[in-house]
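Descriptive structure summary
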Amino acid sequence: MVTAMAEAPVKVPGVEGRAGKFPGPSLIPALTAIQERAGWLPREELIALAREVNRPLYEIEGLISFYPHFRTDPPNTVQLSVCHDLSCWLRGSDERIAAIKQRYGADADVEIVERSCIGRCDIAPAASVNEAPVTLAADAVDAKIAAAKAIAAVSTAAVSTASGAHPNGRHQDGAPGPAPARWPNDPYPTPAHRYGVVDAVLAGTRDTAGVIASLKDAGLRGMGGAGFPAGRKWDLVASAPGDVKYVICNADESEPGTFKDREILATQPHLVLEGLLLGMLAIGAQDGWVFIRHEYGPEERALAREIDHLRAAGYLGPDARGSGKRLNVEIFTSPGGYILGEESALIECMEGHRGEPRNKPPFPGTYGLHGKPTLMNSVETFAHVPVIARNGAAWWNAQGAGSATAAAHSGLKFFAVSGHVERPGVYCVPMGTTARALLDLAGGVTGGQALAAIQPGGASSNFLGPDALDVELDFATVQAAGSMLGSGAMVVMAEGTDLLAAAVNVLRFFRDESCGKCVPCRVGSAKAHVLLGDLLARGGGPADVDETVRQLATVMRRTSICGLGQVALGPVASVLKLSGNG
Ligand SMILES: Cc1cc2nc3c(=O)[nH]c(=O)nc-3n(C[C@H](O)[C@H](O)[C@H](O)COP(=O)(O)O)c2cc1C
Ligand code: SF4
Ligand code: FES
């Protein structure tokens with residue numbers, strides 16, 4: 001007999017306990033708060049937390065062991081984190097790290113930790129002293145350490161993030177200087193003009209369908225790496241069934257060579273937040289978050305100030321500017337790990353689980369945070385929304401450069417340029433600008449040397465040789481040239497660079513950052529690194545790479561769950577190809 005089904009009880013978000021995950025609200029904010037207060041996670045505090053929330057201690061230990069930022073021993077007076085990844089390696093990090101270890105290795109007050117990219121590739125070789133970024137290249141690090149010892153804590157408030165102003169960008173060479181007055185994607189001449197599109201939507205003089213239509217017409221692609229069309233994504237999430245939906249801005253940028261989102265967050269948090277608010281209004285979400293890597297302290301503070309402003313100006317709250325709509329935006333600080341940039345791992349983290357990517361589908365657009373439809377875009381994607389919505393798709397299209405169709409070359413693109421260039425930094429250029437023009441903007445190859453190779457899209461993109469310099473930097477053209485635009489990060493390598501060693505450096509990054517969930521990535525990246533490391537130590541080159549590495553590359557590409565494992569050996573394979581051993 002069929003009986004009417006009782007109405008399913010409404011689940012409180014965050015309390016689902018699916019597939020071996022612990023049910024209940026996330027404990028990560030509580031752990032972050034303890035660490036912020038105590039500087040580490042004392043065991044007695046963890047036991048007290050477990051008792052207080054009635055959750056097993058091993059759940060807490062499982063979280064702590066996954067996230068690299070959590071520590072279970074007290075820190076020394078000086079935490080010196082040194083980066084050894086590609087952009088830093090190209091600028092002599094190995095030698096500088098060795099020298100630093102010699103100088104401070106016996107100093108009981110100084111703890112030296114080699115780290116993956118800290119997002120300061122433009123001051124490479126980069127380091128941080130008690131989280132305050134500093135270049136390892138000069139005496140700067142000695143001064144910072146001395147200051148940290150003197151005051152037992154370094155102020156991270158005023159990080160010099162800029163040097164010489166440039167019409168299209170700014171670079172960092174150590175000397176502080178002004179940022180461009182306004183990046184070209186900022187439609188607002190003064191602060192008083194900001195949030196004009198959100199104002200119009202809240203006042204009912206514009207509808208969000210029109211905003212989505214303009215994103216589609218503009219052909220705006222996701223700037224976080226995959227390039228998924230933004231307007232289509234907004235449409236999909238807007239039409240996904242469900243009353244509760246969420247929006248997340250992915251500010252976890254952690255790949256060697258990528259740091260343009262950092263610059264956007266620092267200089268135009270108003271555009272990122274306006275894009276986020278428009279996303280919330282477009283899909284019908286009340287809650288939005290910016291998920292930001294913990295190394296971006298100064299940028300997080302800029303964001304927090306702007307959120308405070310939004311609250312004070314009445315955009316956030318139960319009745320946003322009298323519209324009757326509730327809007328709330330919070331910052332979620334990452335507990336560390338490159339893999340959290342992958343959208344489903346990020347969501348797992350926000351839910352309070354170990355940040356391992358989910359099998360997809362379902363995608364976050366239909367099953368995201370707490371199982372609800374979730375719109376996730378990167379910092380740069382959101383930052384471009386206001387200008388497109390305000391100036392229109394035709395204006396955006398006209399900003400592009402290059403010889404192909406307007407759709408391929410529409411709009412503007414931020415690039416991080418690092419490695420062997422005269423002026424590493426962030427540049428905002430027309431989409432479709434050639435790699436050569438971008439390189440020129442960054443002052444050319446260091447010391448006027450010849451070019452050996454570039455990675456046009458950050459560490460995970462394939463190396464391209466000097467003959468690719470005239471490739472127009474847009475998604476389709478870079479892909480056709482055998483690499484990818486990724487999130488827009490050009491790493492430059494001068495003639496004389498051991499390209500295989502550079503690619504093995506990238507492989508080490510992926511090995512270190514593999515979350516370990518799936519065997520091909522976890523075991524394959526470690527195995528390949530051992531094989532290639534031995535080969536380099538023997539003085540071998542591309543011609544000596546044996547078949548096992550190629551087989552591992554194929555297996556990892558085909559069978560890894562997420563993009564990390566799929567691309568980990570891509571750069572190595574591309575170097576083999578460039579050298580005629582592909
Ligand atoms: C290993 C891995 C790391 C990623 N890291 C980031 C990141 O740091 N920032 C980001 O926006 N997207 C990152 N992504 C892409 C996200 O999964 C997702 O596609 C993106 O945030 C969507 O925004 P978009 O459409 O605006 O690009 C990463 C993907 C993978 C596979
Ligand atoms: S590919 Fe690597 S990073 Fe991605 S889920 Fe598998 S083990 Fe984790
Ligand atoms: S800070 Fe070293 S590679 Fe990014």
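Predicted model, so just to flag it, every value in this text is computed and none were measured.

Looking now at the sheet that holds strand 4 (residues 132-135). Taken in spatial order, the four strands line up as 2-1-3-4 in an open sheet, and their pairing is mixed. Bordering the open sheet on either side are strand 2 (110-115) and strand 4, each of which pairs with just one other strand. For this sheet, the mean angle separating the axes of adjacent strands, direction not counted, is 25°. Pairing analysis gives three bridges linking strand 1 (residues 78-83) to strand 3 (residues 126-129), with the strands arranged antiparallel. Paired with Leu-80 across the bridge in strand 3 is Val-129.

Another point: the nonpolar core. Within the largest apolar cluster, 87 residues are counted, with the highest numbers of intra-cluster contacts made by Trp-234, Leu-273, Leu-276, Val-417, Leu-438 and Val-492. Among the elements that line this core, the one with the most residues is helix 11 (residues 269-283), at 10 residues. In contact with Trp-234, other than residues within four places in its own chain, are Val-211, Ile-212, Leu-215, Gly-275, Leu-278, Gly-279, Ala-282, Ile-283, Leu-375, Asn-377, Phe-382 and Val-385. Of all hydrophobic cores here, the second largest spans 63 residues; its members include Ile-28, Leu-46, Ala-453 and Leu-507.

Moving on to the confidence of the model for the chain. Model confidence for the chain is summarised by a mean pLDDT of 90, while 90% of its residues fall at 70 or above. The low-confidence segment residues 1-17, where pLDDT is below 50, has 15 contacts with residues more than four positions distant or belonging to other chains. Of the regions scoring below 50 in pLDDT, residues 153-178 engages in 72 contacts with residues more than four places distant in sequence or in other chains.

Moving on, we get to the site of ligand 1. Around ligand 1 sit 17 residues in total, of which Gly-224, Glu-343, Asn-377, Ser-378 and Thr-381 are the nearest. A distance of 3.3 Å is found between a nitrogen atom of ligand 1 and a backbone nitrogen or oxygen belonging to Gly-341. For ligand 1, an oxygen atom lies 2.8 Å from a polar atom in the backbone of Ser-378. Summarising the interface, the protein chains cover 89% of the accessible area of ligand 1, which totals 610 Å² for the free molecule. Looking at the shell around ligand 1, the elements with two or more residues in it are strand 9 (374-378) and helix 21 (563-567). The element contributing the most residues to the shell around ligand 1 is strand 9, with three residues.

Attention now moves to the site of ligand 2. If you check the shell around ligand 2, you find 13 residues, and the closest are Cys-515, Lys-517, Cys-518, Cys-521 and Cys-562. Considered class by class, the residues forming the shell around ligand 2 number eight nonpolar, four polar and one charged.

Turning our eyes to something else, we now look at the packing of aromatic side chains. For the structure shown, the criterion picks out 10 aromatic pairs. Geometrically, the ring pair formed by Tyr-67 and Phe-70 is edge-to-face, given 6.2 Å between the ring centres and 85° between the ring planes. Joined through ring pairs, the aromatic side chains of Phe-66, Tyr-67 and Phe-70 make up one cluster. Taking NZ or CZ as reference, Arg-293 lies 5.4 Å from the ring centre of Tyr-296, over its face. Positioned above the aromatic ring of Tyr-315, the side-chain terminus of Arg-321 is 4.0 Å from the ring centre.

Criteria and thresholds
Residues numbered from 1 in each chain as written. Chains lettered and ligands numbered in written order. Predicted model: local features only at pLDDT ≥ 70, side-chain atom pairs only at ≥ 80, totals over all residues. Heavy atoms only, no water. Pairing = 2+ DSSP bridges. Helix = DSSP H or I, 4+ residues; strand = E, 2+ residues; numbered from the N terminus. Axes fitted to C-alpha atoms, helices over the stretch in contact; angles between N-to-C directions. Core = buried A, V, L, I, M, F, W, Y, C linked by side-chain atoms within 4.5 Å. Buried < 20%, exposed > 50% of the residue type's maximum accessible area, 1.4 Å probe, protein only. Contact = heavy atoms within 4.5 Å. pLDDT = per-residue confidence, 0-100. Near = heavy atom within 4 Å. Polar contact = N/O pair within 3.5 Å; in protein donor to acceptor, adjacent residues only side chain to side chain. Areas by Shrake-Rupley, 256 points an atom, 1.4 Å probe, with all protein chains shown as cover. Nonpolar A, V, L, I, M, F, W, Y, C, P; charged D, E, K, R; others polar. Phe/Tyr/Trp six-rings, centres within 6.5 Å; stacked < 30°, edge-to-face > 60°. Lys NZ or Arg CZ within 6 Å of the ring centre and 35° of its normal.

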